[in-house]
Amino acid sequence: QMGMDANPWRSHSRIITSYHYLKQPDVLASFLAACTAEKTAGNLPWDLLIVDEAHNLTPAPFGEESDLCQMLRQIAPLFEHRIFLTATPHNGHTRSFTGLLELLDPVRFSQTDEMKPAERERVAEVRIRRLKRQINAASATKRFCDRLPPQAIMLDMSGGEIALSEAFAAFRKAVRNLIQKEAKKR
């Protein structure tokens, strides 16, 4: 509808896109061009950035950052408000976690190797964490099922299945023996 040369980032006020699409150099350049073209006094180009699966854009704890993280570093300052969503725990590196917090709110946070108590308190101000059991307790109807403890299931295997299982176990043992006999370099 808009033609091949139209910049979709200038044509719509609300856009949903994949960060894998946006990270492409030509697409990102088009987005950044649209953001700098219409600067109004004191306002950022966009109101709200919502990043789902934000753990995929976490800064590296050491070494080079991923292209996704580099892209987020470029676009995050163009949004007045930011919401990062994830149900995946961070990778355990304080530097990665604080780097993501810095992208979320650079006034409150900075990327560091060790969090001070005041920084930990600020995390509580911006993080909302809800467990499934808490959501169930607050809802009129359960949204998530209760987890039952695991139970062993007894299997009745046929003679052929038992023979196949024993043959595979023998094969694995033979492969391990071959590996142990070989030089470590090989």
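Predicted model only: the values in this text are computed from it and were never measured. (Residues numbered from 1 in each chain as written. Predicted model: local features only at pLDDT ≥ 70, side-chain atom pairs only at ≥ 80, totals over all residues. Heavy atoms only, no water.)

Asker: Now, about the environment of A6: what can you tell me, with residues and values included?
Answerer: Checked against the element boundaries, A6 lands in the segment before α1 (8-11). For the pair A6 and R130, spaced 124 residues apart in sequence, the C-alpha to C-alpha distance is 42 Å. (Helix = DSSP H or I, 4+ residues; strand = E, 2+ residues; numbered from the N terminus.)

Asker: How would you sum up the layout of surface pockets? Please name residues and give values.
Answerer: Any empty space left between atoms is shown by rolling a water-sized probe over those atoms. Computed from the structure, the largest pocket encloses a volume of approximately 1200 Å³. For the largest pocket, the lining is made up of 29 residues, of which T86, A87, R127, I128 and R129 are closest to its centre. Secondary-structure elements contributing two or more residues to the lining of the largest pocket are β2 (79-84), α5 (94-104), α6 (117-126) and α7 (132-138). Each residue belonging to the lining of the largest pocket can be placed in one class, and the counts come to 16 nonpolar, six polar and seven charged. (1 Å grid on protein atoms, 1.4 Å probe; cavity = no way out; pocket = protein on both sides within 12 Å on 5 of 7 lines; lining within 4 Å. Points joined across faces, edges and corners; volume = space filled by probe spheres on them. Nonpolar A, V, L, I, M, F, W, Y, C, P; charged D, E, K, R; others polar.)

Asker: Can you tell me about the environment of E121, naming the residues and giving the values?
Answerer: You can see E121 is positioned in helix α6. The exposure class of E121 is exposed, given its relative accessible area of 56%. (Buried < 20%, exposed > 50% of the residue type's maximum accessible area, 1.4 Å probe, protein only.)

Asker: I'd love a proper account of the environment of G99, names of residues and values included.
Answerer: Assignment of secondary structure puts G99 in helix α5. The class for G99 is buried, based on a relative accessible area of 0%. Residues G99 and S110 lie eleven residues apart in sequence; the distance between their C-alpha atoms is 6.6 Å. When neighbours within four sequence positions are excluded, G99 is seen to be in contact with P59 and Q111. (Contact = heavy atoms within 4.5 Å.)

Asker: Please provide a residue-by-residue account of the nonpolar core, values included.
Answerer: By size, the foremost hydrophobic cluster in this structure holds 29 residues, and its most contacted members are L22, F31, V51, M71, L72, I75 and F84. Every element with two or more residues in this core is listed here: α2 (19-22), α3 (25-37), β1 (46-51), α4 (67-75), β2 and α5. Setting aside chain neighbours within four positions, we find F84 in contact with L49, V51, A54, L72, L100, L103 and L104. (Core = buried A, V, L, I, M, F, W, Y, C linked by side-chain atoms within 4.5 Å.)

Asker: An account of a nonpolar patch on the surface is needed here, citing residue identities and associated values.
Answerer: Judged by side-chain polarity, L48, I50, I83 and L85 come together as a nonpolar surface patch covering roughly 340 Å² of accessible area. Residue class for I83 comes out partly exposed when judged on its relative accessible area of 38%. (Patch = residues over 30% accessible without salt bridge, like charges linked within 9 Å, V, L, I, M, F, W, Y side chains within 5 Å. Areas by Shrake-Rupley, 256 points an atom, 1.4 Å probe, with all protein chains shown as cover. Salt bridge = Lys/Arg side-chain N within 4 Å of Asp/Glu carboxyl O.)

Asker: Before we move on, can you summarise unusual backbone geometry with the specific residues and values?
Answerer: Notably, E53 is not glycine yet its phi reads approximately 55 degrees, a positive angle. Structurally, E53 can be placed in the loop between β1 and α4. According to the relative accessible area criterion, E53 is partly exposed, its value standing at 35%.

Asker: So, the pairing of β1: which residues are in play, and what are the values?
Answerer: Judged from the five bridges that link them, β1 and β2 form a sheet pairing that is parallel. Residue pairing across strands places L48 opposite H81, the latter belonging to β2. For the crossover from β1 across α4 to β2, the handedness is right-handed. (Pairing = 2+ DSSP bridges. Right-handed = clockwise from strand over helix to strand, strands pointing away.)

Asker: Describe the side chain of R82, naming the residues involved and giving the relevant values.
Answerer: Here R82 shows up in strand β2. Although R82 lies buried, it forms no salt bridge, and the closest oppositely charged side chain, D105, sits 5.8 Å away as judged by the N-O distance. There is a polar contact of 2.8 Å between the side chain of R82 and the backbone oxygen of A76. A distance of 3.1 Å separates a polar atom in the side chain of R82 from the backbone oxygen of L104. Setting aside anything within four residues of it in sequence, one finds R82 in contact with L48, L49, A76, P77, L103, L104, D105 and P106. (Lys, Arg positive; Asp, Glu negative; His and termini not counted. Polar contact = N/O pair within 3.5 Å; in protein donor to acceptor, adjacent residues only side chain to side chain.)

Treat this as a map of the structure, not an account of what it does.
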